[in-house]
Amino acid sequence: SGYRLITEAKRYGYRLHAVADQPIDFSRAGLTVDADGAAFFVCREDFHSISPDPENAAVHYQLANLAFFTEFDFQKAAQYNFRALELKPHYPNAQQYMAFLYILCGEQEKSAYYIEQALGIDPLNQETLFYKAYLHYRMAEYAKARTQLEAILEKNPLNIPANIVRAYCLLKLGRYDE
């Protein structure tokens, strides 16, 4: 319900703005809460209704995701994510997201650096482990990537990105039978 979303958003540091007699439409919004407690509305239409805490690293991490995945603005995503890292250098989600951005632009060394930073903070983070395997895939190290992806899939066989990249690795390795 809208009340529950408002309560959760307030709990995690958002200041919601609504004009009397004009309730916020939450029917298309999804509230996500990450490990650091940042709530975020993932529906762009409802973004105008929140004012994120500018000193919360998790908020900047979520803004980076929103900029990249809804606005397709790589530079804006990188700026938000760098701000998250300034606020909280030991934030594994922001570290691995920086690795993701560097993977996309072919900066393998920088990507590897951020992956190692994230794994140093949270060595079991499945998303970071996926990006590590994906980096090996992008570097044409298909056997290494496959091994890493299979370890991920042992813990979560329904991990769609890991299954897809594993299938590509098998194709690149000439393994059409699996």
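The structure we're discussing is the one just above.
First things first, this report covers the structure right here in the doc. Since the structure is predicted, the reported quantities are computational estimates derived from the model, not experimental observations.

Here's the deal with the nonpolar core
(1) Moving on: Counting 36 residues, the largest nonpolar core has Tyr97, Phe130 and Leu149 as its most contacted members.
(2) Moving on: Every element with two or more residues in this core is listed here: helix 2 (57-71), helix 3 (74-87), helix 4 (92-104), helix 5 (108-121), helix 6 (126-138), helix 7 (142-155) and helix 8 (160-172).
(3) Moving on: No other element matches the eight residues that helix 4 contributes to this core.

Re the pattern of salt bridges
(1) Moving on: Taken as a whole and judged by the stated rule, the model has six salt bridges.
(2) Moving on: Taking the shortest distance from any N to any O, the salt bridge between arginine 83 and glutamate 86 comes out at 3.1 Å. Linking arginine 83 with glutamate 86, this pair stays in helix 3, spanning three residues, or about one helical turn.
(3) Moving on: When its relative accessible area of 27% is taken as the criterion, arginine 83 is described as partly exposed.
(4) Moving on: Between glutamate 150 and arginine 146 there is a salt bridge, with the nearest N and O atoms lying 2.9 Å from each other. Of this pair, glutamate 150 and arginine 146 both sit in helix 7, four residues apart, roughly one helical turn.
(5) Moving on: By relative accessible area, glutamate 150 is classed as partly exposed at 26%.
(6) Moving on: A relative accessible area of 18% means that arginine 146 is categorised as buried.
(7) Moving on: A network of salt bridges, in which partner residues are shared, links Glu55, Arg83 and Glu86.

A look at helix 5
(1) Moving on: Between its terminal C-alpha atoms helix 5 stretches 20 Å, which fits the 20 Å expected from 14 residues at 1.5 Å a residue.
(2) Moving on: For helix 5, the full list of buried residues reads Ser111, Tyr114, Ile115, Ala118 and Leu119. Viewed along the axis of helix 5, the buried residues span an arc of 135 degrees, placing them on a single side of the element. Helix 5 presents Glu109 and Gly120 as exposed residues on the side facing more than 90 degrees away from its buried surface.
(3) Moving on: In this structure, the buried side of helix 5 is in contact with helix 3, helix 4 and helix 6.

Considering a nonpolar patch on the surface
(1) Moving on: Taken together, the side chains of Ile160, Ile164, Tyr168, Leu171 and Tyr176 present a nonpolar region at the surface, about 570 Å² in accessible area.
(2) Moving on: Examined against the element boundaries, leucine 171 turns out to sit in helix 8.
(3) Moving on: On the basis of relative accessibility, which here comes to 44%, the residue leucine 171 falls in the partly exposed class.

A closer look at helix 8
(1) Moving on: End to end, helix 8 covers 19 Å across 13 residues, agreeing with the expected 18 Å (1.5 Å per residue, within 8%).
(2) Moving on: Those residues of helix 8 that sit buried are Ala162, Val165, Arg166, Cys169 and Leu170. Buried residues of helix 8, seen end-on, are gathered within an arc of 150 degrees and therefore sit on one face of the element.
(3) Moving on: Buried residues along helix 8 sit in contact with helix 6 and helix 7.
(4) Moving on: A side-chain oxygen of the first residue of helix 8 lies 3.0 Å from the backbone nitrogen of alanine 162; this N-cap is asparagine 159.
(5) Moving on: A positive backbone phi angle near 75 degrees is found at glycine 174, which sits one or two residues after helix 8.

Examining the packing of helix 6 against helix 7
(1) Moving on: Where helix 6 contacts helix 7, the axes come no closer than 7 Å and their chain directions differ by 160 degrees. Compared by their axis directions, helix 6 and helix 7 come out roughly antiparallel. For the pair helix 6 and helix 7, the crossing hand works out as left-handed. Packed against helix 6, whose contacting residues are Gln126, Leu129, Phe130, Lys132, Ala133, His136 and Tyr137, the element helix 7 presents Tyr142, Lys144, Ala145, Gln148, Leu149, Ile152 and Lys155 at the interface.
(2) Moving on: Grouping the amino acids of the contact of helix 6 with helix 7 by side-chain chemistry returns eight nonpolar, three polar and three charged.

Reading the values: rules and limits
Residues numbered from 1 in each chain as written. Predicted model: local features only at pLDDT ≥ 70, side-chain atom pairs only at ≥ 80, totals over all residues. Heavy atoms only, no water. Core = buried A, V, L, I, M, F, W, Y, C linked by side-chain atoms within 4.5 Å. Buried < 20%, exposed > 50% of the residue type's maximum accessible area, 1.4 Å probe, protein only. Helix = DSSP H or I, 4+ residues; strand = E, 2+ residues; numbered from the N terminus. Salt bridge = Lys/Arg side-chain N within 4 Å of Asp/Glu carboxyl O. Expected span 1.5 Å × (residues − 1). Arc of directions from axis to C-beta. Contact = heavy atoms within 4.5 Å. Patch = residues over 30% accessible without salt bridge, like charges linked within 9 Å, V, L, I, M, F, W, Y side chains within 5 Å. Areas by Shrake-Rupley, 256 points an atom, 1.4 Å probe, with all protein chains shown as cover. Polar contact = N/O pair within 3.5 Å; in protein donor to acceptor, adjacent residues only side chain to side chain. Axes fitted to C-alpha atoms, helices over the stretch in contact; angles between N-to-C directions. Parallel < 35°, antiparallel > 145°, perpendicular 65-115°, else oblique. Left-handed = near helix turned anticlockwise from the far one by under 90°. Nonpolar A, V, L, I, M, F, W, Y, C, P; charged D, E, K, R; others polar.

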